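Coordinate analysis (summary)
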Amino acid sequence: MADGLKGETRGRWSVTMSDAQRMERLSAMLKRRGIILPAFEIYGGLSGFIDYGPVGARILRRVIENWIDHWTSHGDIVEINSPTITPQPVLVASGHVGEFNDLMTECGNCTGTFRADQLAEGVHPNPDSLNSDEIDEILVSNKIPCPNCAEQAWTPSRPMNLMFSTSIGAMKSTRQAYMRPETAQGMFMLYPSLYRHFRQKLPFGAIQTGKGYRNDISPRQGMIRLREFNMAELEYFIDPENPPAVDLSNRTDLISLIPDSTGSNSEPCNLSFANALDKGIIKHPTVAWFLARTWDFLIGLGIDPTRIRFRQHESTEMAHYASDCWDCEIHGEHGWVECVGIANRTCHDLQQHEAHSTSKSLRAWRDFESPRKEVREVLAPNTAVIGPTFKGQAGAIVTALGALTELPEPPFILNLAGGSTVEITPEMVSRKTIETSVAGEWFTPHVIEPAFGIDRIIWHILDHSYSEIEKSGEEYTVLRLAESVAPSDVIILPLFDKDGMGRIARKLTGQINGLRMIKAELDNSKSIGRRYARADEIGIPWAITVDHTTTEDSTVTIRRRDDQKQIRANIDDVIDSLAKGNLSSLF
């Protein structure tokens, strides 16, 4: 054992201390150690906004990097990046302008404003599924008091749109826009580019991470309900007649599932994903695959598997266009919280954008097994009239006429590819019946969407990792983060910053930080015990101590966070093991 480390492992580790006020202590530690803090605190703070401090920002970055690597490793999923400001027409087509609402009610006594469904949470199992009349009846019949003044004087609940509005441009050129409520719409906008990127072959997917914005009526529960939040979404485009084959046979873990209570399999159960698919509880093989891969991701981050469950949406809460939706819920200090949503959105999104934009580029081509004979009517162009009349536009007009699926009676307005229009008069076309050999057909792809709330996931990583113990008769805190999301891989601790120890520690820190994807930090302030405690509290899995012996034989002490075990090893061996991502091999 190195000088100055005696007594470090003597303390007897006891059972976890009482959970009373645990969340208060956890929140205080997160703030004190620069992990999660209230935003704009010197101005009194602002509900629904948080800051990630110097330690928390590194955890956030590592979680996002893990998420990106997890999905892009499949080969048919790529990352994109689109604007956070979205023009109004896009969100009209997506339904957000008309339907992205929460029901709001106001206390007639103190004028406090609240989400109506949150007030009904204690008296209804799923208040999100209720309409305004149903929630109003619950508030009145159950005599729900105002959280502010305890009076029972609620106004009728009414919808409030949750998007932050803004404008693009100035003066007469101003266009209405919104801060994006989700990243998904940017991926739908890029579908034509993605289709070309993947050589016109399905399936393929796109991922995007970044900020989302939701003007929540009454944000609460810290990181659970935010007005600006980190999200990560994936849009996976498939041919509904030929979905990708999935093999779940090697997945034997029993997963906690809560099926739709109105369905034929309505009882909560513990099944493998394969069995749930075979029994028809999970309705689509691609959805089952994404549920399984979501499970893999969360377990890899250090989430406790016994505190994960998947809840299927009831028919009354599921969007009319969706065919199957699941929430991945994680249990923690706030109870069961939805952290991931996995939905089979069918062809709704692409069809809506096609209808509102008049674009024909949101489809995919499907080859038939053998060519088919097809008899259909067409509007045959009279080039003798169209050519002299439209000159340079004649080719585009012939192409647009050939692409018509519904044949209007002339005269009519024809939309051209560039966005311009022309009037087609009766002498320019003639209606004909033709027989053709067709090799395939255009169709609108279906979309499977997993959407991850990154802040909620990080909260549960911290919650599940937070451990309160007794060490040498004193309270001691350890954040047992998975190595993949720890703020640093290793901390370098010179026993003293003299006699060459500080110089060796700084050199070692630089050497380790020169390794790819490895992060080391140096701490030379306070006693060695205090520094170990700081490192344990922010979740750094390994500590390397440079002491007097190091100056003699180039060995250092390596300390493992979770069991406090220590060994000595040569500096070169330490660097080599870190480069291989396997420091534990030295133990």
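The preceding data block contains the structure.
Residues numbered from 1 in each chain as written. Predicted model: local features only at pLDDT ≥ 70, side-chain atom pairs only at ≥ 80, totals over all residues. Heavy atoms only, no water.

Scanning the protein chain for helices and strands turns up 18 helices and 28 strands. Each principal axis of the C-alpha atoms in the protein chain carries an extent, and together these give about 100 × 65 × 60 Å. Burial status across the protein chain gives 48% buried among its 587 residues. Considering only residue pairs separated by 6 or more positions, the protein chain has 66% of its internal contacts joining residues 24 or more positions apart. Surface exposure of the protein chain reaches about 28300 Å², of which carbon and sulfur atoms provide 49%. (Helix = DSSP H or I, 4+ residues; strand = E, 2+ residues; numbered from the N terminus. Buried < 20%, exposed > 50% of the residue type's maximum accessible area, 1.4 Å probe, protein only. Contact = heavy atoms within 4.5 Å. Areas by Shrake-Rupley, 256 points an atom, 1.4 Å probe, with all protein chains shown as cover.)

Once that is clear, we can look at helix α6 (residues 132-141). Among all positions of α6, only Ile-135, Asp-136, Ile-138 and Leu-139 are buried. Buried positions in α6, seen along its axis, are confined to an arc of 160 degrees and lie on one side of it. Turned more than 90 degrees away from the buried face of α6, the exposed residues are Asp-133 and Val-140. Taken together, the buried residues of α6 touch β5 (101-106) and α5 (116-119). N-capping of α6 is provided by Asn-131, with a side-chain oxygen placed 3.1 Å from the backbone N of Asp-133. (Arc of directions from axis to C-beta. Polar contact = N/O pair within 3.5 Å; in protein donor to acceptor, adjacent residues only side chain to side chain.)

Within helix α13 (residues 394-402) the residues assigned to the buried category are Ala-394, Ile-397, Ala-400 and Leu-401. Buried residues in α13, looked at end-on, bunch into an arc of 125 degrees, giving them a common side. Facing away from the buried surface of α13 by more than 90 degrees, the exposed residues are Thr-399 and Gly-402. The elements touched by buried residues of α13 are β17 (364-381), α12 (383-390), β18 (412-415), β19 (421-424) and β20 (429-443).

For the rest of this paragraph, the subject is the sheet that holds strand β13 (residues 269-271). Taken in spatial order, the 9 strands line up as β3-β10-β11-β21-β16-β15-β14-β12-β13 in an open sheet, and their pairing is mixed. Bordering the open sheet on either side are β3 (77-79) and β13, each of which pairs with just one other strand. On average, adjacent strands in this sheet sit at an angle of 25 degrees to one another, irrespective of strand direction. Direction of pairing for strand β12 (residues 255-258) relative to β13: antiparallel, over a ladder of 3 bridges. Bridge pairing in β13 places Ser-256 opposite Asn-270. (Pairing = 2+ DSSP bridges. Axes fitted to C-alpha atoms, helices over the stretch in contact; angles between N-to-C directions.)

This next bit is on the packing of helix α1 (residues 22-32) against helix α14 (residues 454-465). Put simply, α1 and α14 touch, their axes get as near as 11 Å, and they point 110 degrees apart. By the angle class used here, α1 and α14 are roughly perpendicular. As for the relative orientation of α1 and α14, their crossing is right-handed in sense. Of the residues in α14, those touching α1 at Arg-22, Met-23, Leu-26, Ser-27 and Leu-30 are Trp-459, Leu-462 and Asp-463. Its residues assigned to classes, the contact of α1 with α14 shows 5 nonpolar, 1 polar and 2 charged. (Parallel < 35°, antiparallel > 145°, perpendicular 65-115°, else oblique. Left-handed = near helix turned anticlockwise from the far one by under 90°. Nonpolar A, V, L, I, M, F, W, Y, C, P; charged D, E, K, R; others polar.)

The subject of this paragraph is the pairing of strand β22 (residues 466-471). Here β22 lies mainly inside the structure; 5 of its 6 residues are buried. Where β22 hands over to strand β23 (residues 474-479), the hairpin turn is made up of 2 residues, of which Ser-472 adopts a positive phi near 55 degrees.

For the rest of this paragraph, the subject is the side chain of Arg-561. Positionally, Arg-561 belongs in the loop between β27 (555-560) and β28 (566-570). The buried category is assigned to Arg-561, whose relative accessible area is 3%. A polar atom in the side chain of Arg-561 sits 2.7 Å from the backbone oxygen of Leu-481.

Any two side chains of opposite charge can pair, on the condition that their charged atoms come close. Counted according to the given criterion, the structure contains 38 salt bridges. With a closest N to O distance of 2.6 Å, Glu-41 and Lys-31 form a salt bridge. A residue pair is termed long-range when its members are at least 10 positions apart, and Glu-41 in the loop between β1 (36-38) and β2 (50-52) and Lys-31 in helix α1 qualify at 10 residues. Close ionic contact of Glu-377 with Arg-431 constitutes a salt bridge, the shortest N to O distance being 3.5 Å. Remark: Arg-431 occurs in strand β20 and Glu-377 occurs in strand β17; sequence separation between them is 54 residues. Owing to a relative accessible area of 42%, Glu-377 belongs among the partly exposed residues under this scheme. One network of salt bridges, with partners in common, ties together Asp-102, Arg-115, Asp-117, Arg-214 and Asp-216. (Salt bridge = Lys/Arg side-chain N within 4 Å of Asp/Glu carboxyl O.)

Our next topic: the sheet that holds β5. Pairing is antiparallel in the open sheet, where 3 strands are placed in the order β6-β5-β7. Two strands lie at the open edges of the sheet, namely β6 (113-115) and β7 (158-161), each paired on one side alone. Adjacent strand axes in the sheet meet at a mean angle of 50 degrees when their direction is disregarded. Bridge count between β5 and β6: 3 bridges; the pairing is antiparallel. Bridged to Thr-105 within β6 is Phe-114.

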